[in-house]
Amino acid sequence: MNSQTVLVTGGAGYIGSHACVELLQAGFNVVVVDNLCNSKSEALARVQQITGKTLQFYQADIRDPLALANIFEQEAIDTVIHFAGLKAVGESCQQPLRYYENNVYGSMVLIEAMQQANVKQLVFSSSATVYGEPPSVQYVEHFPLSPINPYGRTKAMIEDMLRDVSAADQLVKPENPWKIALLRYFNPIGAHASGLIGEDPNGIPNNLMPYVSQVAIGKLAQLSVFGDDYPTPDGTGIRDYIHVVDLVKGHIKAITALQSDKFAAGGCQAYNLGAGKGYSVLDMVKAFERVTGQTINYKIAPRRAGDLAEFFADPSLALQELDWQVEKTLDDMVADTWAWQTKNPQGYQ
Ligand code: NAD
Ligand code: UFG
């Protein structure tokens, strides 16, 4: 039985709640800190319902150093998984300072609190968006980072900060180095197979799959397919969709790797978490129709500003060093999205 304790920042959110389930099921003790700015505590009740286990929840903001110090004092934390952050690209263009303050400054406060508490194992939620427009549509970790929106820049800045903090301690405290995995997610979709937890967007969804499932259930009238004139086989945008449960399993594999010989001398390493292949918007619509038997009303609309035609992961480093790869299929992603949507038509409310 694993007796380690993981602090999950943003643990009430979409990905964080799925991580809590997998961590509890793998035998970890789980402590969550979340200010509930984009989530509901009901998600954590459902996590406990699924697992039959309890977790410790602190409703607090990661920008509050005293609250974090208190958590590190009360709980014997071994590792932190840092999900807490704001994530809407469009909103980040309208309110950039709010994004820098919450994501970058919040991460600084967290890192400082970890240093104070001498907790130096960290798994960080980064994003494929840090790559911007690299030389190839199959992204490799060593590509230069050139994010094209404020949200992406917050992720790249946090990555830089973590690389710097890690490098500094490898020089001055080689006996007690930082061990950090930067996980660059591609497009997480799907939900826990129980249908009890899933993605519960506020208002009208920005992302494709929540939008499609709300059209299917009749909450939204019609999907706009943003562009059918991209240089892709059917003209619509291609992304690397990854089941959220596969994604969070990558975090547990990352914790194992941080405790292995590979990280004995510390370090900060980025890993792509993706399937390594892409599907177009129309592929996703057709898969949704086939798996659920619903008809998706859609129209072709102009391209959305800032969208790229196509990108997907080279996930080979995660396979090699984390022993991780996706296991679930496109049909699983669709079926689990639909189970969550039909069981919770109003989300957690
Ligand atoms: P989410 O909004 O569902 O979860 C984030 C959680 O963090 C929420 O529960 C929110 O209340 C909490 N939070 C935000 N700011 C906080 C603060 N200052 N203090 C305490 N709690 C705070 O988002 P998600 O989809 O679960 O994403 C989790 C992480 O993964 C984010 O960092 C996001 O940027 C990253 N990511 C997400 C995607 C995606 O498509 N969902 C893709 C790449 C990366
Ligand atoms: N799309 C539509 N109609 C919609 C929504 C999306 O056609 O209503 C299309 C987009 O144009 C794109 C594809 O569906 O071609 C996927 O779009 P999403 O909004 O679901 O996802 P993105 O790839 O734009 O962005 C997501 C997250 C980002 C993250 C990025 C890479 O929202 O935060 O994946 O991880 F940075």
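Here we summarise the structure given alongside this text. All of these numbers come straight from a predicted model, not from anything done at the bench.

About the criteria used
Residues numbered from 1 in each chain as written. Chains lettered and ligands numbered in written order. Predicted model: local features only at pLDDT ≥ 70, side-chain atom pairs only at ≥ 80, totals over all residues. Heavy atoms only, no water. Helix = DSSP H or I, 4+ residues; strand = E, 2+ residues; numbered from the N terminus. Expected span 1.5 Å × (residues − 1). Buried < 20%, exposed > 50% of the residue type's maximum accessible area, 1.4 Å probe, protein only. Contact = heavy atoms within 4.5 Å. Core = buried A, V, L, I, M, F, W, Y, C linked by side-chain atoms within 4.5 Å. Pairing = 2+ DSSP bridges. Axes fitted to C-alpha atoms, helices over the stretch in contact; angles between N-to-C directions. Phe/Tyr/Trp six-rings, centres within 6.5 Å; stacked < 30°, edge-to-face > 60°. Lys NZ or Arg CZ within 6 Å of the ring centre and 35° of its normal.

## Comments concerning helix α11 (residues 330-343)
Between its first and last C-alpha atoms α11 spans 20 Å; for 14 residues at 1.5 Å apiece the expected length is 20 Å, and the two agree. Among all positions in α11, only L330, M333, V334, D336, T337, W338, W340 and Q341 are buried. Tucked inside the fold, the buried residues of α11 contact α2 (42-51), β8 (187-189), α7 (208-216), β11 (241-243), β13 (279-280) and α9 (281-292).

## Some remarks on the nonpolar core
Counting residues in hydrophobic clusters, the biggest one holds 46 residues, and the most contacted among them are L23 and L183. Those elements that provide at least two residues to this core are β1 (5-9), α1 (14-25), β2 (29-34), α2, β7 (179-185), α8 (244-258), β12 (267-273) and α10 (316-322). Sorting elements by how many residues they give to this core places α8 first, with 9 residues. Ranked by size, the runner-up nonpolar core spans 31 residues in total, among them V80, L110, I111 and M114.

## With respect to the sheet that holds strand β4 (residues 79-82)
The strands making up a sheet are joined through hydrogen bonds of the backbone, oriented either antiparallel or parallel. One open sheet holds the 7 strands; their spatial order is β3-β2-β1-β4-β5-β7-β12, and the pairing between them is parallel. Looking along the sheet, the strands with just one partner apiece sit at the ends: β3 (56-59) and β12. Strand-to-strand twist in this sheet, taken as the mean axis angle between neighbours without regard to direction, amounts to 20°. When strand β5 (residues 121-127) meets β7, the two strands line up parallel, connected through 7 bridges. Residue V123 lies in a different strand from β7, and its bridge partner there is A181.

## So, the packing of aromatic side chains
By convention here, two paired aromatic rings are described through the distance between centres and the angle between planes. What the rule picks out here adds up to 7 aromatic pairs. Note on Y131 and F143: the rings are 6.4 Å apart at their centroids and 85° apart in plane angle, and the pair reads as edge-to-face. On the criterion of sequence distance, the pair formed by Y131 in the loop between β5 and β6 (138-139) and F143 in the loop between β6 and α6 (150-172) is long-range, its members being 12 residues apart. Assigned by exposure class, Y131 and F143 land together as buried. Note on W340 and Y348: the rings are 5.0 Å apart at their centroids and 55° apart in plane angle, and the pair reads as tilted. Among the aromatic residues, those joined into a cluster by ring pairs are Y131, Y139, F143, F186 and F311. Taking the ring centre of F263 as reference, the NZ or CZ of K262 above it sits at 5.3 Å.

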